[in-house]
Amino acid sequence: MKQYSIVAMAKHPVAIPDPLIMLDEGHNAFTVMTDDIADVLELLAGEGVTVQSYNHLGQDGPPRLEDELLPGETLESIGVL
């Protein structure tokens, strides 16, 4: 699944069970995990929500250990390889 940040305006409170999204009336900023962002955007539009922007967060695939290293560290220096 991919994670997205979404900024949206809702005309009234909205509750969507899958994926779990609960919005209050007015301006909302939230994250959602989904394999199909187009489906989520369609669900929101069906509830009268105006999506102002959305962004994919992170990278595709599992996290990489290399991304967690401190400056100057290598996998060899911390004993992983």
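Look a little higher up for the structure.
Residues numbered from 1 in each chain as written. Predicted model: local features only at pLDDT ≥ 70, side-chain atom pairs only at ≥ 80, totals over all residues. Heavy atoms only, no water.

Help me get a handle on the sheet that holds strand β4 (residues 26–34), residues and values and all.
Pairing is antiparallel in the open sheet, where three strands are placed in the order β4-β1-β5. Strands with a single pairing partner mark the edges of an open sheet, and in this sheet they are β4 and β5 (50–57). On average, each strand axis in the sheet is tilted by 20° relative to the strand beside it, whichever way the strands run. In this structure, strand β1 (residues 2–10) lies alongside β5, joined through seven bridges in antiparallel fashion. Among the inter-strand pairings, Ala8 is bridged to a residue of β5, identified as Val51. (Pairing = 2+ DSSP bridges. Helix = DSSP H or I, 4+ residues; strand = E, 2+ residues; numbered from the N terminus. Axes fitted to C-alpha atoms, helices over the stretch in contact; angles between N-to-C directions.)

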